[in-house]
Amino acid sequence: RDLASFASVQKFAKLVQEELKKRNLRNIHVLIHNAGVSFLNGTTQDGYQRVWQVNALAPALLTELLFPFMCPETGRVIFVSSEMHRFCFARSIVDQCSPPPKEGGKTAKDYALSKACQILQALEVTHRRTGDGRRRNSRI
């Protein structure tokens, strides 16, 4: 499926849910977010910068759609990030909580920001799964 399209992500999540039902399975044990792009210009059909949507928004949407189907005891969400997140300072994340400008995407800063957001997503998933924020069920 295409992470540059929210409709495609939603369709994929629905297919996964249908497969679980068809195979009489109750839970997803592992969800791995490994896809990513860098230094691409342009916007998606949803109106977001391509790097931002593929690396940050689409994985967040997919996690949200499949989260109710994660195995409560052992389910894990894994975000494959990048050392590039280190080039995005905390102030940059706070200053840029809104999506980056649509015309961007071709800089290391854009890529670093999207990877830093993946790490924040992993921490949020962990907090939601455990209630105490400890890194038990998500990996960075």
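In the block above lies the structure referred to throughout.
Nothing here was measured: the structure is a model prediction, and the numbers come from that model.

1. Topic: the side chain of Ser5
Along the chain, the position of Ser5 falls in the segment before helix H1 (6-22). The exposure class of Ser5 is buried, given its relative accessible area of 7%. Aside from chain neighbours lying at most four places away, what touches Ser5 is Gln45, Asp46 and Gln53.

2. What about the layout of surface pockets?
Roughly 260 Å³ of volume is contained in the largest pocket. Considering the residues around the largest pocket, the lining is formed by 16 residues, among which Phe12, Leu31, Ile32, His33 and Leu62 are closest to the centre. Of all the secondary-structure elements, those providing two or more residues to the lining of the largest pocket are H1, strand E1 (30-33) and helix H2 (50-66). Among the elements that line the lining of the largest pocket, the one with the most residues is E1, at four residues. Broken down by class, the residue content of the lining of the largest pocket amounts to 12 nonpolar, three polar and one charged.

3. A short note on the packing of H1 against H2
Relative orientation of the contacting elements H1 and H2 amounts to 30 degrees, with a least axis distance of 10 Å. As summarised for this structure, H1 and H2 are arranged roughly parallel, according to the angle between their axes. Read as a crossing pair, H1 and H2 show a hand that is right-handed. Contacts between H1 and H2 involve Phe6, Val9, Gln10, Phe12, Ala13, Val16 and Gln17 from the first element and Gln53, Leu57, Ala58, Leu61, Leu62, Leu65 and Leu66 from the second. Counted by class, the contact of H1 with H2 contains 11 nonpolar, three polar and no charged residues.

4. Comments concerning the environment of Gln10
Within the element layout of this structure, Gln10 appears in helix H1. Under the relative-accessibility criterion, Gln10 is labelled partly exposed at 43%. Residues Gln10 and Leu61, spaced 51 residues apart in sequence, show a C-alpha to C-alpha distance of 8.0 Å. Residues contacting Gln10, with those up to four places away along its chain left out, are Leu61 and Leu65.

How each quantity is defined
Residues numbered from 1 in each chain as written. Predicted model: local features only at pLDDT ≥ 70, side-chain atom pairs only at ≥ 80, totals over all residues. Heavy atoms only, no water. Helix = DSSP H or I, 4+ residues; strand = E, 2+ residues; numbered from the N terminus. Buried < 20%, exposed > 50% of the residue type's maximum accessible area, 1.4 Å probe, protein only. Contact = heavy atoms within 4.5 Å. 1 Å grid on protein atoms, 1.4 Å probe; cavity = no way out; pocket = protein on both sides within 12 Å on 5 of 7 lines; lining within 4 Å. Points joined across faces, edges and corners; volume = space filled by probe spheres on them. Nonpolar A, V, L, I, M, F, W, Y, C, P; charged D, E, K, R; others polar. Axes fitted to C-alpha atoms, helices over the stretch in contact; angles between N-to-C directions. Parallel < 35°, antiparallel > 145°, perpendicular 65-115°, else oblique. Left-handed = near helix turned anticlockwise from the far one by under 90°.

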